[in-house]
Amino acid sequence: IARAATAAGADVSSTADAVMHAMNIWGGSVNKNAELLVQAANLSNAQIETMGPAFANVGSTARQLGMDLKTTTTAIGLLTNKGMSSDRASMDLNHALLQMVNPSSQARKVMKDLALTYTDAHGRMLPFRTILQQLNDSLAGYSQKAKQAKLVK
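Model, not experiment: these values are computed from the prediction.

Asker: How should the overall build of the protein chain be read in this particular structure?
Answerer: Helices and strands together make up the secondary structure of the protein chain, namely nine helices and zero strands. Along its sequence from the N terminus, the protein chain presents helices and strands in the succession α-α-α-α-α-α-α-α-α. Dimensions of the protein chain along its principal axes, counting C-alpha atoms only, are 50 × 35 × 20 Å. In the protein chain, which comprises 153 residues, the proportion classed as buried is 39%. Sequence-distant contacts in the protein chain: of pairs separated by 6 or more residues, those separated by 24 or more amount to 58%. About 8900 Å² of surface is accessible on the protein chain, with carbon and sulfur atoms providing 52% of the total. Separation of charge centres in the protein chain, based on 15 positive and 10 negative side chains, amounts to 11 Å.

Written as C-alpha cells, this is what we have:
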C-alpha cells in the first residue's frame, strides 16, 4: 500500500481505502489491486484518493455485469480524461450500465436504430470493450452533435 501510494503520489490512508473497496467488490490480492489503481492514477486524471468512492458508486453494478476491476478502473480513468471527476464518471458509468441491462423505451429505440446489443445469446453482458467497439462502429459517420443526440437518450 505504501509503495502504491508513493508511486501514485497519494496518501497511504486513501490508497488503503481504495484497495480495500476493490478487494471487497472484486476480491484479488492487495498487490494486484494496488498495481491496477496506480496504473489508472498514472495514466489518467483519476486519483487513487477518489477511486474508493467511485467504486462505491459503480463497483457492485460493474461486478454483477461481469466487469472486472481493470475494466472498471480503465472506464473511470478514460472518463476523467474527458474532464469528468471520478465521482461523476462512476455515477455516469453506473447509469449507463443500468440502462444497458434495462433500457428505457427511448434507449431501446436507439439501440435498434444503431443495431446495438449488449448481451450475448444467453443474456449475459458482452465484454465492455466489445460494447464500446460496437457503439463506436455504429456511430461512425455521425457528426459530433448527432452522436450526442443519440447517446443522451
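Asker: For this particular structure, what's the right way to read the nonpolar core?
Answerer: Note that soluble globular proteins tend to have their nonpolar side chains buried in a common cluster. Counting residues in hydrophobic clusters, the biggest one holds 38 residues, and the most contacted among them are Phe55, Ile76 and Leu97. Going through the elements one at a time, α2 (12-26), α3 (30-43), α4 (48-64), α5 (69-81), α6 (86-101), α7 (105-113) and α8 (128-139) are the ones with two or more residues in this core. Residues contacting Ile76, with those up to four places away along its chain left out, are Met51, Ala54, Phe55, Val58, Ser86, Ala89, Ser90 and Leu93.

Asker: Honestly, the packing of α2 against α4 in this entry has me stumped. Any pointers?
Answerer: Helix packing for two helices is described by the angle between their axes and how far apart those axes are. Across the interface, α2 lies against α4 with an axial gap of 8 Å and an inter-helix angle of 10°. Here α4 runs roughly parallel to α2, going by the angle between their axes. Residues Ser14, Thr15, Asp17, Ala18, His21, Ala22, Ile25 and Trp26 of α2 lie in contact with α4, whose contacting residues are Ile48, Glu49, Met51, Gly52, Phe55, Ala56, Gly59, Ser60, Ala62 and Arg63. Residues belonging to the contact of α2 with α4 are distributed by class as follows: nine nonpolar, six polar and three charged.

Asker: Before we go on, may I ask you to explain the layout of surface pockets in this structure?
Answerer: Over the atoms rolls a probe the size of a water molecule, and in doing so it shows where empty space is left. Space inside the largest pocket adds up to approximately 1600 Å³. The set of elements that each furnish at least two residues to the lining of the largest pocket consists of α5, α6, α7, α8 and α9 (144-152). Here the element with the most residues in the lining of the largest pocket is α8; it accounts for eight residues. Its volume calculated, the second largest pocket comes out at about 180 Å³. Taken together, Leu36, Gln39, Ala40, Leu43, Ser44, Lys70, Thr73, Thr74, Gly77, Leu78 and Asn81 form the lining of the second largest pocket. If you list the elements that add at least two residues to the lining of the second largest pocket, you get α3 and α5. The greatest single-element share of the lining of the second largest pocket, amounting to six residues, is contributed by α5.

About the criteria used
- Residues numbered from 1 in each chain as written.
- Predicted model: local features only at pLDDT ≥ 70, side-chain atom pairs only at ≥ 80, totals over all residues.
- Heavy atoms only, no water.
- Helix = DSSP H or I, 4+ residues; strand = E, 2+ residues; numbered from the N terminus.
- Buried < 20%, exposed > 50% of the residue type's maximum accessible area, 1.4 Å probe, protein only.
- Contact = heavy atoms within 4.5 Å.
- Areas by Shrake-Rupley, 256 points an atom, 1.4 Å probe, with all protein chains shown as cover.
- Lys, Arg positive; Asp, Glu negative; His and termini not counted.
- Charge placed at Lys NZ, Arg CZ, Asp CG, Glu CD.
- Core = buried A, V, L, I, M, F, W, Y, C linked by side-chain atoms within 4.5 Å.
- Axes fitted to C-alpha atoms, helices over the stretch in contact; angles between N-to-C directions.
- Parallel < 35°, antiparallel > 145°, perpendicular 65-115°, else oblique.
- Nonpolar A, V, L, I, M, F, W, Y, C, P; charged D, E, K, R; others polar.
- 1 Å grid on protein atoms, 1.4 Å probe; cavity = no way out; pocket = protein on both sides within 12 Å on 5 of 7 lines; lining within 4 Å.
- Points joined across faces, edges and corners; volume = space filled by probe spheres on them.

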